[in-house]
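Listed below, chain by chain, are the residues.
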Amino acid sequence: MTLSARLRRYSLLSFALAVLGFGLATSAAHAAIYDMPPEGSDVVGKLQHIKTEEDDTFVKLARRYNVGYRELRLSNPDVDPWLPGDGTPMVIPTRYVLPNVARKGIVINIPEMRLYYFPPEGSEYAGKVVTYPLGIGREGWSTPLAKTTVVRKKADPTWTPPASIRAEHEKAGDTLPAVVPAGPDNPLGQHALYLGLPSYLLHGTNKPAGIGLKVSHGCIRLYPEDIASLFALVPTGTPVNIISEPYKIGWEGNTLFIESHPPDANGDAPVRSFTPWVESLISATADHPKAPIDWDRAQAVVEKADGMPEPIGVTVEQR
């Protein structure tokens, strides 16, 4: 079965289950797939502006629009995440500066809690970029920065919790079995991509409300529908680059943008040092020494750290 056929089959199955009342895709968006920007440009997507309905919450909206909970909280700081109310204006932060690394395989930006997949040349989706929100490792179980590969794929995985996690659960009065079978109680969900890093993998979840939060024991979680999509797209051997890039800087035509995320990935700690983003901005404009940068605006965007790209300069130079 071809990749497109597998994805069509998944979409039809999701729709059928929703009609039958299982609710698998009633409020879930499909993966965000964008054309790669032209040479010299780095920005994809666009912001969406909506008005909430009476029964909306950030958890519901995040899954509906394929973003993480924290992304909505940072971009809508004055809206109550549990009772936004009927008709409340909100922005959905679905515009992105692509990370400043090789656009190949899977790129995971920890501060952003977002995955980017760049399909290889010759594939059906060559020239596209696919992006998904993530849940990542919590305090004490941080997801490591590394370059690795997808070494194995498994549908309906079982979970063998390590001794440290079993001890943690035991202390809380929750005894874990040596092996958790596939099924609704399995925290790995229905699909898993195993990495070359021992004990780390990309997987689904039986608690989708945790996407966009630091909640895991170091593994990287995706919405069930997103991991199913990524599972179909990604072959074994795909390179994986796990990075920390809280300040993403790039061009759209002749306009320079900066996108800032809290450097600790929690969304609460303030920016403590200007050096990293200043160095990134200087590096990004090295080929444009006369680019008129609005440094005050750049600093304001960095301090706000709401995850939305903002223009900070325009040049008339030929790129």
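The structure reproduced in this document is the subject of the present report. (Residues numbered from 1 in each chain as written. Predicted model: local features only at pLDDT ≥ 70, side-chain atom pairs only at ≥ 80, totals over all residues. Heavy atoms only, no water.)

1. Thoughts on the packing of aromatic side chains
Point 1. Under the definition given, this model contains five aromatic pairs.
Point 2. With a centroid separation of 6.1 Å and an interplanar angle of 40°, the aromatic rings of Trp277 and Trp295 are classed as tilted. A residue pair is termed long-range when its members are at least 10 positions apart, and Trp277 in helix H6 (residues 275-284) and Trp295 in helix H7 (residues 295-304) qualify at 18 residues.
Point 3. On the accessibility criterion, Trp277 (2% relative accessible area) is buried.
Point 4. Assessed through its relative accessible area of 36%, Trp295 is described here as partly exposed.
Point 5. A cation over a ring is seen here: Arg152 above Tyr194, with NZ or CZ 3.9 Å from the ring centre.
Point 6. Directly above the ring of Phe231 sits Lys153, whose terminal nitrogen or CZ lies 4.7 Å from the centroid. (Phe/Tyr/Trp six-rings, centres within 6.5 Å; stacked < 30°, edge-to-face > 60°. Helix = DSSP H or I, 4+ residues; strand = E, 2+ residues; numbered from the N terminus. Buried < 20%, exposed > 50% of the residue type's maximum accessible area, 1.4 Å probe, protein only. Lys NZ or Arg CZ within 6 Å of the ring centre and 35° of its normal.)

2. Digging into the side chain of Arg95
Point 1. Looking at where Arg95 falls in the secondary structure, it is placed in strand E5 (residues 95-97).
Point 2. Here Glu252 takes part through its side chain, which lies 2.5 Å from a polar atom of the side chain of Arg95.
Point 3. Ignoring anything within four residues of it in the chain, the contact list for Arg95 reads Val43, Val44, Gly45, Lys46, Leu47, Glu252, Phe257, Glu259 and Pro309. (Polar contact = N/O pair within 3.5 Å; in protein donor to acceptor, adjacent residues only side chain to side chain. Contact = heavy atoms within 4.5 Å.)

3. Quick look at the side chain of Thr148
Point 1. With respect to the element layout, Thr148 can be found in strand E10 (residues 146-155).
Point 2. Take Thr148: its relative accessible area is 12%, and that puts it in the buried class.
Point 3. Engagement of the side chain of Thr148 in a polar contact is seen with the backbone nitrogen of Gly196, the distance being 3.0 Å.
Point 4. The contacts of Thr148, once residues within four sequence positions are left out, are Leu195, Gly196, Leu197, Thr238, Pro239 and Val240.

4. A word on the pattern of salt bridges
Point 1. Counted under the stated rule, the structure contains 11 salt bridges.
Point 2. Salt-bridge contacts for Lys128 lead to Asp35; the nearest nitrogen and oxygen are separated by 2.4 Å. In this pair, Lys128 sits in strand E8 (residues 128-133) while Asp35 sits in strand E1 (residues 32-35), placing the two residues 93 residues apart along the sequence.
Point 3. For Lys128, a relative accessible area of 27% corresponds to the partly exposed category. (Salt bridge = Lys/Arg side-chain N within 4 Å of Asp/Glu carboxyl O.)

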